[in-house]
Amino acid sequence: MESPHDQRDLVTGQVLEAEAATKAVRPTLRQDSRTRAQDRIVQGALSAVATWGLDATIDQVADASGVSRRTVFRHFANHDELILAALSEIVQIGESKVPESPTPGSDIEAWLTASVLKMHEFSRSVIGRAFWDLYSDRLNSSPEVAEKIATAIPVRQGFAEAVAVSAWRALGGEGTPPTWVMDSFSLHISGFATNAFPSMSSDETARLSARILWLVLSSALSEQHRELA
């Protein structure tokens with residue numbers, strides 16, 4: 001049987017082990033400061049890329065971040081590393097925007113409009129000018145940047161497909177939507193539609209696109225009902 005002294009030693013040892021483990025994973029003040037500075041630069045890169053595209057310069061990123069050019073180079077070795085970080089952030093934000101399927105009994109048209117609005121806002125405020133760079137031949141891009149661009153495009157397409165399939169099934173459609181329906185969603189839930197009318201806000205553009213897609217769904221469903229009758 002353990003004595004009270006042995007029990008105290010055991011508890012003390014466990015406390016010391018827990019404290020040591022906490023210190024091992026806790027970042028130092030210097031590491032924490034470096035992480036915050038790097039995050040600030042990445043956010044500045046996002047802003048610069050949305051404004052000037054993937055050719056945004058180090059100076060433009062530094063200005064958007066509120067830091068010096070020298071500080072940028074402390075965290076990123078070159079322009080490619082900075083653009084890769086911005087593209088990674090864009091992909092991550094885009095993936096987080098994919099909506100949940102509408103719940104039974106919900107207003108499907110309102111859900112569709114909200115989903116389309118979310119993507120148009122993302123295209124306008126986060127991707128911005130860089131959208132055109134994603135779809136253009138960038139012969140001067142490094143293989144790493146080209147590879148990251150290749151992973152960014154499917155995110156938008158996946159968003160459009162998810163919205164199309166969810167709306168189709170919620171409205172009683174059988175199987176998967178016809179190809180022309182999927183293509184309509186891919187076109188109207190994209191930067192192509194967002195930037196089609198520069199004088200319109202992302203909200204106005206999204207509501208127009210959502211209205212068109214609602215009519216697309218209605219037409220396709222009527223067509224399927226006739227075929228199954």
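Residues numbered from 1 in each chain as written. Predicted model: local features only at pLDDT ≥ 70, side-chain atom pairs only at ≥ 80, totals over all residues. Heavy atoms only, no water.

**A few points about helix H11 (residues 202-228)**
Which entries qualify depends on this criterion: Comment: elements are numbered from the N terminus, with helices defined as DSSP H or I runs of at least four residues and strands as E runs of at least two. One less than the number of residues in a helix, times 1.5 Å, gives the span that helix is expected to have. Note on exposure labels: buried denotes an accessible area under 20% of the residue type's maximum, exposed denotes more than 50%, and partly exposed covers the range between, all computed with a 1.4 Å probe on protein chains only. In this description, contact between two residues means that some pair of their heavy atoms is separated by no more than 4.5 Å.
Here H11 contains 27 residues, and its C-alpha end-to-end distance of 38 Å stays within 8% of the 39 Å for a straight helix at 1.5 Å per residue. Burial in H11 covers these residues: Ser202, Thr205, Ala206, Ser209, Ala210, Leu213, Val216, Leu217, Ala220, Leu221 and Gln224. Buried-residue contacts for H11 involve helix H6 (108-127), helix H8 (143-170), helix H9 (179-188) and helix H10 (191-194).

**So, the environment of leucine 54**
When you line up the elements, leucine 54 lands in the loop between helix H2 (29-52) and helix H3 (58-65). Overall, leucine 54 belongs to the buried group, its relative accessible area being 2%. Linking leucine 54 and isoleucine 127, residues 73 residues apart in sequence, is a C-alpha distance of 9.9 Å. Contacts of leucine 54, omitting those with residues within four sequence positions, involve Val49, His79, Ile83, Leu87, Ala130, Asp133, Leu134, Arg138 and Ile149.

**Comments concerning the confidence of the model for the protein chain**
Here is the rule we go by: For every residue, the predictor assigns a confidence score, pLDDT, that lies between 0 and 100.
For the protein chain, mean pLDDT is 87; residues scoring 70 or higher make up 86% of the total. Ranking the helices and strands of the protein chain by mean pLDDT puts H9 first, with 96, and helix H1 (residues 4-25) last, with 55.

**Here's the deal with empty space enclosed by the protein**
To keep it simple, the criterion reads: The way it works is a 1 Å grid over only the protein atoms, where trapped points that fit a 1.4 Å probe form a cavity and open points with protein on both sides within 12 Å along at least five of seven lines form a pocket, and then any residue with an atom within 4 Å of a point lines it. Grid points are joined across faces, edges and corners, and a volume is the space filled by probe spheres set on the points. Residues are grouped as follows: Ala, Val, Leu, Ile, Met, Phe, Trp, Tyr, Cys and Pro are nonpolar; Asp, Glu, Lys and Arg are charged; every other residue, Gly included, is polar.
Here the structure, examined in full by the defined rule, presents one cavity of 30 Å³ or more. If you go around the largest cavity, you meet 14 residues; those closest to its centre are Phe122, Ile127, Leu134, Ala152 and Arg156. Listing elements by their share of the lining of the largest cavity, those giving two or more residues are helix H5 (79-96), H6, helix H7 (130-134) and H8. By residue class, the composition of the lining of the largest cavity is 11 nonpolar, two polar and one charged.

**Side note on the pattern of salt bridges**
Rule in force here: The term salt bridge refers to a pairing of a side-chain nitrogen on Lys or Arg with a carboxyl oxygen on Asp or Glu at a separation within 4 Å.
One pass over the structure, following the stated rule, counts three salt bridges. The residue arginine 69 makes a salt bridge to aspartate 59 at a minimum N-O spacing of 3.1 Å. Taken together, the residues span a long stretch of sequence, with arginine 69 in helix H4 (residues 69-75) and aspartate 59 in helix H3 at a distance of 10 residues. On the basis of relative accessibility, which here comes to 40%, the residue aspartate 59 falls in the partly exposed class. A salt bridge links arginine 207 to aspartate 203, with the nearest nitrogen and oxygen atoms 3.0 Å apart. Of the two residues, arginine 207 and aspartate 203 both sit in helix H11, four residues apart, roughly one turn of that helix.

**Side note on H3**
To keep it simple, the criterion reads: Throughout, the arc means that of the directions going from the helix axis to the C-beta atoms.
Burial in H3 covers these residues: Ile58, Val61, Ala62 and Ser65. Taken down its axis, H3 places every buried residue within 100 degrees of arc, on the same side. Just downstream of H3, glycine 66 is the residue with a positive phi angle, here 75 degrees.

**Notes on a nonpolar patch on the surface**
Put simply, the rule reads: Each patch is assembled from residues with relative accessible area greater than 30% and no salt bridge, linking like charges that lie within 9 Å and nonpolar side chains (Val, Leu, Ile, Met, Phe, Trp, Tyr) that lie within 5 Å. Computed with a 1.4 Å probe, the accessible areas rest on the Shrake-Rupley method; for each residue, only the protein chains presented here act as cover.
On the surface, a nonpolar cluster with roughly 370 Å² of combined accessible area is contributed by Trp132, Tyr135, Leu187 and Phe192. By the element assignment, tyrosine 135 lies in the loop between H7 and H8.

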